[in-house]
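Analysis of the macromolecular model
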Amino acid sequence: MERLAFEKLAEWKKSTDRKPLIIRGARQTGKTWLMKEFGKRCFADTVYINFEYEKRLRDLFSEDFDIKRIIPTIELFHGKKIREGETLVIFDEIQAVEGGLTSLKYFCELMPRLAIVAAGSLLGIELHQNKSFPVGKVSFLDLHPMTFGEFLLAMDKELVYNALKDCKWDLLKPFHGELIRLVRYYMVIGGMPEVVQKWIDTNDFFAVREKQQEILNSYQADFSKHIPDLQVPRVAMVWDSLPVHLSKENKKFVYGVLREGARAKDFELAIMWLVNCGLVLKSQRVEVPKMPLKAYQDTPVFKLYMVDTGLLCAATGLDFSVVADGDRLFAEYKGAIAEQFVMQELTTAKCDYVGYWTNERSTSEVDFIIQKHGTVVPIEVKAGENLQAKSFAWFCNKYSPDFAFKVSALPYNRTGNVINYPLYGLASGVAGI
């Protein structure tokens, strides 16, 4: 497979002030494969340590952070020499070893030319614990599920992907139906690399669903493994409630859905765990569409999406027949699958801010509002080919944004500052702002 993160890794390798790199992301997004493949492609040699598996190295940093001791120990363990500029050192499951994260500070200061990448399960949670963290001594790379663009590359659609990336809409017109079909497939399969590979290998939706269920089960197991006991039931309740919340008309997160009388203070920490570890994507309500959007967010009001559209379909038990039934999938489940897809694309498009807008009485709503490159853009997601959106039109008339996007199953079209992007082209449009 091809991951677009390789471009970021190549930039990191060439950087003159390179620091140890931490790859963040939910479990099963492909962090381990990415690090190993990066070593194969770009370095003469790779030293890989999985601290959860290699129990003999659990005490590597417990005595001290003396690099002159640590490096020879790793060399003896692997039976190979570590050479600055030639060897990539990979610390996987770094949260499993005491002092692992802190050690990166000393590698940065004492061996700046040594290339080190690290990753770990639920690393976002680890960063918020009361432990010494090498602030300013590490760089970060966030790894999400495969985007629709990466899905196209995995399906050997490189020429189509390149045309999308370059926004060649006229060239893509004859392939519109095929691309919408592939979007439907992606929504059900999702972007988890193992799931995508399972589809490529078997072309079997049932095998795909089995793999998705394995991943969902592994997340449940992680809750009890990494999260304090008091929070485990609350995290599980929030996680299990996501399909219910997304089935509502406005999809707003409501604590009362979790249990009768539930309050924010009871579940705020549980939500924080899920967001920080990458399993949940959070979209905050924005009161006024002005920059910076974060200054105008309504903190208590938000929506939560799952990490992956395929996992959402698996969690809801959505039948695979929707893939072959025209645009039914886009409208199914009150448009939640389409919104989930858009939220993922916006998250990986590196927007400065992703939220949504409603008026004070919540009688008008715009599905998404983003900030990128000093521009605020409203985005309306429409199921199928029905583009009527009174709230969206009212918003545009009142606030006169420079750009306004509609996302639907229709081909690319532009009328003034309102641009209709097909579902498969949203990321290209956002990137082109």
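Use the structure listed above.
Residues numbered from 1 in each chain as written. Predicted model: local features only at pLDDT ≥ 70, side-chain atom pairs only at ≥ 80, totals over all residues. Heavy atoms only, no water.

1. Structural notes on unusual backbone geometry
With an omega of -10°, the peptide bond between Met291 and Pro292 qualifies as cis. Positionally, Pro292 belongs in the loop between strand S6 (280-286) and strand S7 (297-306). A positive phi is found at Glu93, a non-glycine position, where the angle reads about 50°. Mapped onto the secondary structure, Glu93 falls in the loop between strand S3 (87-92) and helix H4 (100-110). (Helix = DSSP H or I, 4+ residues; strand = E, 2+ residues; numbered from the N terminus.)

2. As for the environment of Met306
Take Met306: it is sitting in strand S7. Beyond its immediate chain neighbours, meaning those up to four positions away, Met306 contacts Leu216, Trp239, Leu242, Leu279, Leu281, Leu311, Leu312, Ala315 and Gln340. (Contact = heavy atoms within 4.5 Å.)

3. Considerations on the pairing of strand S11 (residues 404-408)
Among the 5 residues in S11, 5 count as buried, and that is most of the element. Of the two faces of S11, the one carrying Ala404, Lys406 and Ser408 and the one carrying Phe405 and Val407 are both buried. Alignment of S11 against strand S13 (residues 418-422), held across 5 bridges, turns out to be parallel. Looking at the pairing, Ala404 lines up with Val418 of S13. (Buried < 20%, exposed > 50% of the residue type's maximum accessible area, 1.4 Å probe, protein only. Pairing = 2+ DSSP bridges.)

4. Looking at the environment of Ala207
With respect to the secondary-structure elements, Ala207 resides in helix H11 (residues 205-226). The class of Ala207 is buried, set by a relative accessible area of 17%. Once the C-alpha coordinates of Ala207 and Val195 are considered, the two residues, 12 residues apart in sequence, prove to be 8.7 Å apart. Ignoring anything within four residues of it in the chain, the contact list for Ala207 reads Lys198 and Thr202.

5. Some details on the nonpolar core
Residues Phe148, Trp239 and Leu346 are the most contacted members of the largest nonpolar core, which totals 91 residues. Apart from the residues within four sequence positions on either side, Phe148 is in contact with Leu164, Leu179, Leu182, Val183, Tyr186, Phe341, Glu345 and Tyr424. Of all hydrophobic cores here, the second largest spans 24 residues; its members include Leu57, Phe61, Ile67 and Ile82. (Core = buried A, V, L, I, M, F, W, Y, C linked by side-chain atoms within 4.5 Å.)

6. Regarding the sheet that holds strand S2 (residues 45-50)
In space, the 5 strands of this open sheet follow the order S2-S3-S4-S1-S5, with parallel pairing throughout. Each having just a single partner strand, S2 and strand S5 (139-142) make up the two edges of the open sheet. Averaged over all pairs of adjacent strands, the angle between their axes in this sheet comes to 20°, without regard to strand direction. Where strand S1 (residues 21-24) lies against strand S4 (residues 115-119), 3 bridges are found, and the strand directions are parallel. Paired with Ile23 across the two strands is Ala119, which belongs to S4. Along the sheet, helix H2 (residues 31-42) contacts S1, S2, S3 and S4; its crossing angle with S3, the most-contacted strand, is approximately 170°. (Axes fitted to C-alpha atoms, helices over the stretch in contact; angles between N-to-C directions.)

7. Concerning helix H1 (residues 5-14)
Residues separated by three or four positions in an α-helix point in the same direction, a consequence of the helix having 3.6 residues per turn. Within H1, burial applies to Ala5, Phe6, Leu9 and Trp12. The arc enclosing the buried residues of H1, seen along the axis, measures out at 115°, which places them on a common side. Exposed and facing more than 90 degrees away from the buried side of H1 are Glu7 and Lys14. Where H1 is buried, its residues contact S1, H2, S3, S4, S5 and helix H6 (148-154). (Arc of directions from axis to C-beta.)

8. Details of a nonpolar patch on the surface
A cluster of nonpolar side chains, Val244, Val254 and Val257, forms an exposed patch at the surface whose accessible area comes to about 180 Å². Mapped onto the secondary structure, Val244 falls in helix H12 (residues 232-246). (Patch = residues over 30% accessible without salt bridge, like charges linked within 9 Å, V, L, I, M, F, W, Y side chains within 5 Å. Areas by Shrake-Rupley, 256 points an atom, 1.4 Å probe, with all protein chains shown as cover. Salt bridge = Lys/Arg side-chain N within 4 Å of Asp/Glu carboxyl O.)

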